[in-house]
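# Descriptive structure summary
Now for the letters of each chain:
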Amino acid sequence: MRLLIAAIALAVAGSAQAQTWPDKPVHIIVAFTPGSATDVIARSMSNELSARLGQPVIIENRPGAGGTIANAFVAKSTPDGYTLLVDSSGHTVNPWIYGNLSYDTVKDLKGVTLLARQPNVLVVSPDKNWKTVSDLVNQAKAQPGKMSFASAGVGSATHMNGEKFKVAAGIDVLHVPYKGTPEALNDVMGGRVEYFFSPVVSALSLVRDNRVKALAVGSPQRASVLPDVPTTEEAGYKGSAYNYWAGLLAPAGTPPAVIERLNKELVAVLALPEVKERLAKIGADPSPISPAEFDALVVRELVENGELVKAAGIKAQ
């Protein structure tokens, strides 16, 4: 009986809290550096979300360890709707990459909504005589173990996209992790690594200036800003598509009414023409889904990425 009364009291308290929420600034913790694709997506809608909530929305960056620093911080925060997380699809890779995480990906963080999806683009140096993805693959097969691909870090979306393509194409190439996307792009342009699945926002101006060549995009669909560039699946490599997303999550225990309110407001914000335009400029597409759909996506991708990590032989850090 005491447990029942306590549960009812907790539910009543949560409902009352949700009715007054928000009555102070909301902090959104971004798991990556300022200027990263995930950060740009978060900031593209923060002003509009603030206007709809009637409170400041403050973006804070807590990068490091593939996003796990920010994840751990938010997972341990008070679940009152005032500390939230924007993370990328690396969220479902990290449990397989980093040992002994201080939080549980499924139990400690709950989905609010996806914000946007953004493709990676397979880029090479213009000095390479490859015109198609098959040209690159054929050379890799002719020189097993001799070629390399760059990433923005172990477990990043750029890494996983590269590994998924590597497995689908059946090629033996070396993974070279960098501190970030700019460093990886520099070495692709310099010919020190053969290719890189770059976030389209980072590579777009280089593609247009012919400083790198775009052979394909690694997403399930073509990129709206590069409509003539095929996907790796269209190029003939079934199972190579990688789904990069940025999404908003909350600590487990956040009142359902708060999560529902956030989801409702973000669906409206993501439909605004000015927000769509901002996202389009970086090649991102608004992709709101329900909290339940987001949680199901996390569970599904955890399984898929665990299989990919094992198939690619990626070692835990």
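Computed from a predicted model, the values in this text were never measured in an experiment.

## Side note on the overall build of the chain
Counting its secondary structure elements, the chain contains eleven helices and eleven strands. On C-alpha atoms alone, the chain measures out to a radius of gyration of 21 Å, which is about the 20 Å that the 2.2 N^0.38 rule sets for 317 residues. Taking contacts inside the chain between residues at least 6 apart in sequence as the whole, the part at least 24 apart equals 78%. Surface summary for the chain: the accessible area is close to 13,900 Å², and the carbon and sulfur share equals 54%. Charged side chains of the chain number 30 positive and 29 negative; the gap between the two group centres comes to 2 Å.

## Here we look at the sheet that holds strand β7 (residues 174–177)
Taken in spatial order, the five strands of this open sheet run β7-β6-β8-β5-β9, and their pairing is mixed. Both edges of this open sheet fall to β7 and β9 (213–217), since each of them pairs with a single strand only. Strand after strand, the sheet turns through a mean of 30° between neighbouring axes, direction not considered. Of the pairings in the sheet, the one linking strand β5 (residues 120–124) to β9 comprises four bridges and is antiparallel in character. If you follow V124 over to β9, its bridge partner there is K213. Sheet strands touched by helix α5 (residues 133–142): β5, β8 (195–199) and β9. Its angle to β9, the strand with the most contacts, is close to 95°. Sheet strands touched by helix α8 (residues 200–208): β5, β8 and β9. Its angle to β8, the strand with the most contacts, is close to 115°.

## Overview of the layout of surface pockets
Over the atoms rolls a probe the size of a water molecule, and in doing so it shows where empty space is left. In this model, the largest pocket occupies a volume close to 670 Å³. Along its surface, the largest pocket is lined by 33 residues, and F32, S36, A152, G180 and T181 are the ones closest to its centre. Sorting the residues of the lining of the largest pocket by element identifies α2 (37–53), α6 (157–169), α7 (181–189) and α8 as the ones contributing at least two each. Grouping the constituent residues of the lining of the largest pocket by class yields 14 nonpolar, 18 polar and one charged.

## Quick look at the pairing of strand β2 (residues 57–61)
Taken together, the five bridges between strand β1 (residues 26–30) and β2 define a ladder with parallel strand orientation. Its bridge partner being in β2, V30 is matched across the sheet by N61. Regarding topology, α2 serves as the crossover connection from β1 to the parallel β2, and that connection is right-handed.

## Observations concerning the sheet that holds strand β10 (residues 245–251)
Taken together, the six strands give an open sheet; going across it, the order is β2-β1-β3-β10-β4-β11, and neighbouring strands pair in mixed fashion. Only two strands of the sheet have a single partner each, and these edge strands are β2 and β11 (285–286). Pairing of strand β4 (residues 109–117) with β10, which is carried by seven bridges, proceeds in the antiparallel orientation. Among the inter-strand pairings, K110 is bridged to a residue of β10, identified as A250. Packing against the sheet, α2 makes contact with β1, β2, β3 (83–88), β4 and β10, and its axis sits at approximately 160° to β2. Helix α3 (residues 68–75) rests against β1, β3, β4 and β10 of the sheet, and its axis sits at about 155° to β3.

## Brief notes about the pattern of salt bridges
Inspection of every chain in the model, using the stated rule, returns eight salt bridges. R43 serves as the salt-bridge partner of D39, at 2.8 Å between the closest nitrogen and oxygen. Highlighted residues: D39 and R43, both in helix α2, separated by four residues, approximately one helical turn. For the salt bridge of R278 with E48, the shortest nitrogen-to-oxygen distance reads 2.7 Å. With a gap of 230 residues between them, R278 in helix α10 (residues 273–281) and E48 in helix α2 connect regions that are remote in the sequence. For E48, a relative accessible area of 14% corresponds to the buried category. A single network of salt bridges, built from pairs that share partners, joins R52, R261 and E265.

## Remarks on the nonpolar core
Ranked by internal contacts, the top residues of the largest apolar core, which has 42 residues, are I28, I41, M45 and L279. Not counting chain neighbours up to four residues away, the residues in contact with I41 comprise L115, A116, A246, L279, I282 and A284. Counting 20 residues, the second largest nonpolar core, distinct from the first, contains V123, V193, F196 and L204.

## Observations regarding α8
When we look at burial in α8, the residues that qualify are V200, A203, L204, L206 and V207. Contacts from the buried residues of α8 go to β5, α7, β8, β9 and α10. Phi turns positive one or two residues past the end of α8, at N210, with a value near 60°.

What counts, and where the lines are drawn
- Residues numbered from 1 in each chain as written.
- Predicted model: local features only at pLDDT ≥ 70, side-chain atom pairs only at ≥ 80, totals over all residues.
- Heavy atoms only, no water.
- Helix = DSSP H or I, 4+ residues; strand = E, 2+ residues; numbered from the N terminus.
- Rg over C-alpha atoms; globule rule 2.2 N^0.38 Å.
- Contact = heavy atoms within 4.5 Å.
- Areas by Shrake-Rupley, 256 points an atom, 1.4 Å probe, with all protein chains shown as cover.
- Lys, Arg positive; Asp, Glu negative; His and termini not counted.
- Charge placed at Lys NZ, Arg CZ, Asp CG, Glu CD.
- Pairing = 2+ DSSP bridges.
- Axes fitted to C-alpha atoms, helices over the stretch in contact; angles between N-to-C directions.
- 1 Å grid on protein atoms, 1.4 Å probe; cavity = no way out; pocket = protein on both sides within 12 Å on 5 of 7 lines; lining within 4 Å.
- Points joined across faces, edges and corners; volume = space filled by probe spheres on them.
- Nonpolar A, V, L, I, M, F, W, Y, C, P; charged D, E, K, R; others polar.
- Right-handed = clockwise from strand over helix to strand, strands pointing away.
- Salt bridge = Lys/Arg side-chain N within 4 Å of Asp/Glu carboxyl O.
- Buried < 20%, exposed > 50% of the residue type's maximum accessible area, 1.4 Å probe, protein only.
- Core = buried A, V, L, I, M, F, W, Y, C linked by side-chain atoms within 4.5 Å.

So far we have only geometry, and geometry alone does not tell us how the molecule works.
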